[in-house]
Amino acid sequence: MKNLRLTLGVAAIAIGSFAAFSFAPVNSNAKVALQEFYVNPDGSRGPQVTGENLCPDDNPNILCSQEYNTTTNLPTGNASKMHYGEIE
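Residues numbered from 1 in each chain as written. Predicted model: local features only at pLDDT ≥ 70, side-chain atom pairs only at ≥ 80, totals over all residues. Heavy atoms only, no water.

A.B. asks: For this particular structure, what's the right way to read the overall build of the protein?
C.D. replies: When helices and strands are counted, the protein shows one helix and five strands. Reading the helices (α) and strands (β) of the protein from amino to carboxyl end gives α-β-β-β-β-β. For the protein, buried positions account for 18% of its 88 residues. Across the protein, the fraction of contacts at a sequence separation of at least 24, relative to all contacts at a separation of at least 6, is 51%. (Helix = DSSP H or I, 4+ residues; strand = E, 2+ residues; numbered from the N terminus. Buried < 20%, exposed > 50% of the residue type's maximum accessible area, 1.4 Å probe, protein only. Contact = heavy atoms within 4.5 Å.)

Below, the structure is given as structure tokens:
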């Protein structure tokens, strides 16, 4: 019986600690990570742009790269970070 109470006590402490950290407030000052990525032909996010962007900006109908918020994994829609054309 003593072992059962000890086991239940330890389990209660573990669950309580987990619950306390699960509901802790999120830091609203967290930095948003914005990175530029190439866009695959199917419109999905491709590899990260490193160094010079290889998009030629010669075809306004083909999105070549754009900026993404890496926290949400969604494009930012920043027109100045959208490049068009096809990499040769």
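After that view, the rundown keeps rolling.
A.B. asks: What exactly am I supposed to notice about the packing of aromatic side chains here?
C.D. replies: Working definition: an aromatic ring pair is given by the centre-to-centre distance plus the angle between the planes. Per the stated rule, a full pass over the model turns up one aromatic pair. Aromatic pair Phe37 and Tyr68: ring centres 5.7 Å apart, planes at 85°, arrangement edge-to-face. Separated by 31 residues along the polypeptide, Phe37 in strand S1 (residues 34-39) and Tyr68 in strand S3 (residues 63-69) bring together distant segments of the chain. Considered together, Phe37 and Tyr68 belong to a single accessibility category, that of buried residues. Here the basic side chain of Arg45 rests over the ring of Tyr68, its NZ or CZ set 5.5 Å away from the ring centre. (Phe/Tyr/Trp six-rings, centres within 6.5 Å; stacked < 30°, edge-to-face > 60°. Lys NZ or Arg CZ within 6 Å of the ring centre and 35° of its normal.)

A.B. asks: What is the right way to read the state of the cysteines from this model?
C.D. replies: The term disulfide refers to a covalent linkage connecting the sulfur atoms of a pair of cysteines. Under the defined criterion, the tally for this structure stands at one disulfide. The partner cysteine of Cys55 in its disulfide is Cys64, sulfur to sulfur 2.0 Å. Its S-S torsion of approximately -80° makes the covalent link between Cys55 and Cys64 left-handed. Both residues of the pair, Cys55 and Cys64, belong to the buried class. (Disulfide = S-S within 2.5 Å.)

A.B. asks: Explain the layout of surface pockets here, please?
C.D. replies: Where empty space is left becomes clear once a probe the size of a water molecule has been rolled over the atoms. By volume, the largest pocket amounts to about 190 Å³. Across the lining of the largest pocket, the residue classes tally to seven nonpolar, two polar and one charged. (1 Å grid on protein atoms, 1.4 Å probe; cavity = no way out; pocket = protein on both sides within 12 Å on 5 of 7 lines; lining within 4 Å. Points joined across faces, edges and corners; volume = space filled by probe spheres on them. Nonpolar A, V, L, I, M, F, W, Y, C, P; charged D, E, K, R; others polar.)

A.B. asks: I tried to follow the side chain of His83 on my own but got confused; where do I start?
C.D. replies: Inspection of the secondary structure puts His83 in strand S5 (residues 83-84). Given the relative accessible area of 18%, His83 is considered buried.

A.B. asks: How do you make sense of unusual backbone geometry when you look at a structure like this?
C.D. replies: Even without being glycine, Asp57 reaches a positive phi, approximately 55°. Examined against the element boundaries, Asp57 turns out to sit in the loop between strand S2 (45-48) and S3. With relative accessibility at 47%, the residue Asp57 sits in the partly exposed group. Positive phi, close to 60°, is recorded for Asn73, a residue that is not glycine.

Limitation: the analysis is restricted to geometry and does not speak to function.
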